[in-house]
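Below are the chains, spelled out letter by letter.
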Amino acid sequence: MTDFQRPSFERPGLVREGVYQHLRRAVLDGELAPGERLGEVELGQQLGVSRTPIREALMRLTQDGLLVAEANKGVRVRTLSAEEARDTYTVREELDGLAAALAAAQHTPADARALRAALGALNAVQGEDYREQTRLDLAFHRVITQAAHNAALTDLARDLEQRVALIKHRTRTYNARPETAEQHGAILDAVLRRDADAARAAARQHVRTFGEMVLGELLGAPSPRGPAPPGLVPAAPPASSPPSSPSGPFLESTHD
């Protein structure tokens, strides 16, 4: 199992909550890669806590759908299949389109500033820093959802974001492509102009474009479930590079 390289954190009021949040973030940030196995003893040693908060955190992350428990094999980070990725991007296209349309209609001046800041931070990231690109890409889309001011949509988008993060860390590509910045800019421009139809169309096109790329990489053969939904027909798979393994301490020593 990979050691972590994470900044120290201020001791939380409840250690179990702190362990859960940090392990969750490690999965979403790609510090723990899809398919990687996690052991209670090793994690306890790395994080400086007993096995009890580790076990509780692993159970919660399994319930969240970020980890998978296997009989006699322990727990590993979930790896989404090509079929699951296709389902995810099909739903994401609809939700992101709705979020952009609502954000165009509902955003406040504070939302507009947050949107500009989020996209500015994403565009400033160096091309080789994949993990930071992924983190800020998800953050930009999260700010769009927040600007929609719809609690039900926010809840749905949070669950979907977890699946998208797992897919991104498996494929590890596409964030730095030129069309990424162009499409993000088109979404932001439409939202700020309060053009709900244009915002919806731009967001859906963005998801469709990159859904096709991801599926093209993950699908090595025709799907047993038939062709992908309209707009998500897989393209020829591009080359990808294996993830790098982080190392070093993850958390400061804490106690159960």
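Residues numbered from 1 in each chain as written. Predicted model: local features only at pLDDT ≥ 70, side-chain atom pairs only at ≥ 80, totals over all residues. Heavy atoms only, no water.

Here's the deal with the overall build of the protein
For the protein, the helix and strand inventory stands at 9 helices and 3 strands. Listed by position from the N terminus, the elements making up the protein come as α-β-α-α-β-β-α-α-α-α-α-α. Counting the 256 residues in the protein, one finds 48% classified as buried. Here the protein displays about 12200 Å² of accessible surface, and carbon together with sulfur accounts for 52% of that area. (Helix = DSSP H or I, 4+ residues; strand = E, 2+ residues; numbered from the N terminus. Buried < 20%, exposed > 50% of the residue type's maximum accessible area, 1.4 Å probe, protein only. Areas by Shrake-Rupley, 256 points an atom, 1.4 Å probe, with all protein chains shown as cover.)

Some words on the confidence of the model for the protein
Of all residues in the protein, 79% attain a pLDDT of 70 or more, and the chain-wide mean is 82. Within the model, the stretch residues 5-11 combines pLDDT values under 50 with 18 contacts to residues more than four positions away or in other chains. In this model residues 221-256 is a low-confidence stretch, pLDDT under 50, and it forms 86 contacts with partners more than four residues away in sequence or in other chains. (pLDDT = per-residue confidence, 0-100. Contact = heavy atoms within 4.5 Å.)

Quick word on the pattern of salt bridges
Inspection of every chain in the model, using the stated rule, returns 18 salt bridges. Across the salt bridge formed by Glu-132 and Arg-135, the nearest N and O atoms sit 2.6 Å from each other. You can see Glu-132 and its partner Arg-135 sitting in helix 6 (residues 130-148), 3 residues apart, about one turn around the helix. The class of Arg-135 is partly exposed, set by a relative accessible area of 34%. Residues joined by salt bridges that share partners form a network here, namely Glu-93, Glu-94, Arg-204 and Arg-208. (Salt bridge = Lys/Arg side-chain N within 4 Å of Asp/Glu carboxyl O.)

Structural notes on the nonpolar core
One finds Val-19, Leu-23, Leu-67, Leu-115 and Ile-144 to be the most contacted residues of the largest nonpolar core, which totals 59 residues. At 8 residues, helix 4 (residues 82-106) tops the list of elements feeding residues into this core. Sequence-distant contacts of Val-19, that is, excluding residues within four places in its chain, are made with Leu-47, Val-49, Pro-53, Ile-54 and Ala-57. (Core = buried A, V, L, I, M, F, W, Y, C linked by side-chain atoms within 4.5 Å.)

As for unusual backbone geometry
The phi dihedral of His-149 falls on the positive side, at around 55°, and the residue is not glycine. When you line up the elements, His-149 lands in the loop between helix 6 and helix 7 (151-171). Here Arg-194, not a glycine, exhibits a phi torsion of approximately 60°, which is positive. Relative to the elements of secondary structure, Arg-194 occurs in the loop between helix 8 (178-192) and helix 9 (196-218). In this structure Arg-194 comes out as partly exposed when scored by relative accessible area, which is 44%.

Quick look at the pairing of strand 2 (residues 67-70)
Pairing of strand 2 with strand 3 (residues 74-77) involves 4 bridges; the strand directions are antiparallel. Among the inter-strand pairings, Glu-70 is bridged to a residue of strand 3, identified as Gly-74. With antiparallel pairing between neighbouring strands as the criterion, strand 2 and strand 3 make up a hairpin whose turn holds 3 residues, including Asn-72 at a positive phi of roughly 65°. (Pairing = 2+ DSSP bridges.)

Focus on the sheet that holds strand 1 (residues 37-38)
Within the open sheet, the 3 strands sit side by side as 1-3-2. Their pairing is antiparallel. With one partner strand each, in any of the chains shown, strand 1 and strand 2 form the two edges of the open sheet. One ladder, built from 2 bridges, connects strand 1 with strand 3; its direction is antiparallel. Bridge pairing links Arg-37 to Arg-76 in strand 3.

Brief notes about the environment of His-184
Here His-184 lies in helix 8. With 61 residues separating them in the primary sequence, His-184 and Asn-123 have C-alpha atoms 9.6 Å apart. With sequence-adjacent residues up to four places away left out, His-184 is seen in contact with Leu-119, Leu-122, Asp-137, Phe-140, His-141 and His-206.

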